[in-house]
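# Breakdown of the fold
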Amino acid sequence: MFFRAVWSLVLRKGGPRMRQMHSPGSAAHSKEKMPPYTNYHAQRSYPMPDEPFCTELNAEQRALKEKEKGSWTQLTHDEKVALYRLQFHETFAEMNRRSNEWKTVMGCVFFFFGFTALMIWWQRIYGEWQHPSPLATARGHALVVRATSQALIRHSSEEV
């Protein structure tokens, strides 16, 4: 309780300056935007990002943006694709394509299976897997003698 009150007081007074550094609106290390891909986040569930993919345009891209303001029938297919790429990073087909991540996961799984099998093999060859027989000790010998004597007693009582 006391620690929580002290910690909130330290944060309110600007002690370690953690709140200013890690605000959700900017990057953790700098307040300036990193050109040209800052705050761009598009995904399949919400494909409309808050900002365009490219924010800083070169001369050719600026000319294309000016041409975009005119009639779209005068634009070629390549120019339309270039305009799309200025706004968005990937098309839906590119977002929906399969990744090959499963190959990496399965490779790691099989690697660790193989490594485990190698360790078990190594332990079987060089480890101490042979346990002493319980009958080899003096106590084991006494157990055998007791069991055989009880069997002889039972056998002799059944004959009577």
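Residues numbered from 1 in each chain as written. Predicted model: local features only at pLDDT ≥ 70, side-chain atom pairs only at ≥ 80, totals over all residues. Heavy atoms only, no water.

The following threshold applies: UniProt positions are given in the numbering used here, feature names are shortened, and annotations may be inferred rather than shown by experiment.
An unreviewed UniProt entry annotates the protein as Cytochrome c oxidase subunit 4 originating from Felis catus. Among the UniProt annotations of the protein, the heading Pathway (unreviewed entry) holds the following wording: "Energy metabolism; oxidative phosphorylation." Under Subcellular location (unreviewed entry), UniProt gives the following word-for-word description of the protein: "Mitochondrion inner membrane".

### Regarding the overall build of the protein
The line we're drawing: Runs of E in the DSSP output that reach at least two residues are strands. Runs of H or I that reach at least four are helices, and both are numbered from the N terminus. When a residue's accessible area, from a 1.4 Å probe over protein chains only, is under 20% of the maximum for its type it is buried; when over 50% it is exposed; and in between it is partly exposed.
Counting its secondary structure elements, the protein contains 7 helices and 0 strands. Each helix and strand of the protein, placed in order from N terminus to C terminus, yields the pattern α-α-α-α-α-α-α. By the burial criterion, 11% of the 160 residues in the protein qualify as buried.

### Remarks on the confidence of the model for the protein
Rules: Known as pLDDT, the predictor's per-residue confidence is scaled from 0 to 100.
When pLDDT is averaged along the protein, the result is 75; 67% of the residues meet or exceed 70. The secondary structure element of the protein with the lowest average pLDDT is helix α2 (residues 18-21), at 46, and the one with the highest is helix α6 (residues 101-126), at 94.

### Considering the packing of helix α3 (residues 59-68) against helix α4 (residues 77-87)
Put simply, the test is: Angles here are taken between N-to-C directions and fall from 0 to 180 degrees, while the axes themselves are lines fitted to C-alpha atoms, restricted in helices to the stretch in contact. Reported orientations rely on four angle classes, namely roughly parallel under 35 degrees, roughly antiparallel over 145, roughly perpendicular from 65 to 115, and oblique for the rest. What makes two residues a contact is simply this: any of their non-hydrogen atoms within 4.5 Å. Polarity classes work like this: nonpolar for Ala, Val, Leu, Ile, Met, Phe, Trp, Tyr, Cys and Pro, charged for Asp, Glu, Lys and Arg, and polar for all others, with Gly in that last group.
At a minimum axis separation of 11 Å, α3 and α4 run at an interaxial angle of 110°. Here α3 is positioned roughly perpendicular relative to α4, judged by the angle of their axes. The segment α3 lies against α4, with Q61, L64, K65, K67 and E68 engaging E79, A82, L83 and L86. In terms of residue class, the contact of α3 with α4 is built from 4 nonpolar, 1 polar and 4 charged.

### Considerations on the side chain of E79
Here E79 is to be found in helix α4. Setting aside residues no more than four positions away along its own chain, E79 makes contact with L64, K67 and Q74.

### Brief notes about the UniProt feature "transmembrane region" (unreviewed entry) in the protein
Sequence positions flagged by UniProt for "transmembrane region" (unreviewed entry) are, in local numbering, residues 104-122. Each end of residues 104-122 is marked by a C-alpha atom, and these two atoms are 27 Å apart; helix forms 100% of the span and strand 0%.

### Quick notes on the nonpolar core
To keep it simple, the criterion reads: Nine residue types can take part in a nonpolar core, namely buried Ala, Val, Leu, Ile, Met, Phe, Trp, Tyr and Cys, and a core is a set of them joined through side-chain atoms within 4.5 Å.
One finds F53, C54, L64, L75, L83 and L86 forming the largest nonpolar core, which totals 6 residues. Once residues within four sequence positions are removed from consideration, L64 is found in contact with E79, A82 and L83.

### Structural notes on a nonpolar patch on the surface
This is how the line gets drawn: Surface patches are defined over residues having more than 30% relative accessible area and no salt bridge, joining like charges when they lie within 9 Å and nonpolar side chains (Val, Leu, Ile, Met, Phe, Trp, Tyr) when within 5 Å. All accessible areas in this document rest on Shrake-Rupley with a 1.4 Å probe, and a residue is counted as covered only by the protein chains that are shown. Any carboxyl oxygen of Asp or Glu within 4 Å of a side-chain nitrogen of Lys or Arg constitutes a salt bridge here.
Residues F111, F112, F115, L118, M119, W121, W122, I125 and Y126 make up a contiguous nonpolar surface patch of roughly 1,000 Å² in combined accessible area. Residue position: F115 is located in helix α6. Judged by relative accessible area, which is 43%, F115 ranks as partly exposed.

### Let's talk about α4
Convention followed: In this description, one arc is meant: the one made by directions from the helix axis to the C-beta atoms.
Within the sequence span of α4, burial applies to E79, L83 and L86. For α4, the angular spread of buried residues about the axis comes to 55°, placing them on one side. Opposite its buried face, α4 presents the exposed residues H77 and D78, each directed more than 90 degrees away. Buried residues belonging to α4 abut α3.

### Observations regarding the packing of aromatic side chains
Using the following cut-off: Only rings of Phe, Tyr and Trp enter the pairing, Trp through its six-membered ring, and a pair is recorded when the two centres are within 6.5 Å. The plane angle decides the type: under 30 degrees is stacked, over 60 is edge-to-face, the rest tilted.
Per the stated rule, a full pass over the model turns up 5 aromatic pairs. Their ring planes at 40° and their centres at 5.0 Å tell us that Y84 and F88 sit as a pair that is tilted. Overall, Y84 belongs to the partly exposed group, its relative accessible area being 30%. Look at F88 and you get buried, because its relative accessible area is 16%. Here W122 and Y126 contribute two aromatic rings whose centre-to-centre distance is 4.6 Å and whose plane-to-plane angle is 45°, an arrangement assigned as tilted. Of this pair, W122 and Y126 both sit in helix α6, 4 residues apart, which is roughly one turn of that helix. Taking relative accessible area as the criterion, W122 reaches 45% and is therefore assigned partly exposed. Of the residues examined, Y126 reaches a relative accessible area of 56% and is grouped as exposed. Each residue in the set F111, F112 and F115 is aromatic and connected to the rest through ring pairs, giving one cluster.

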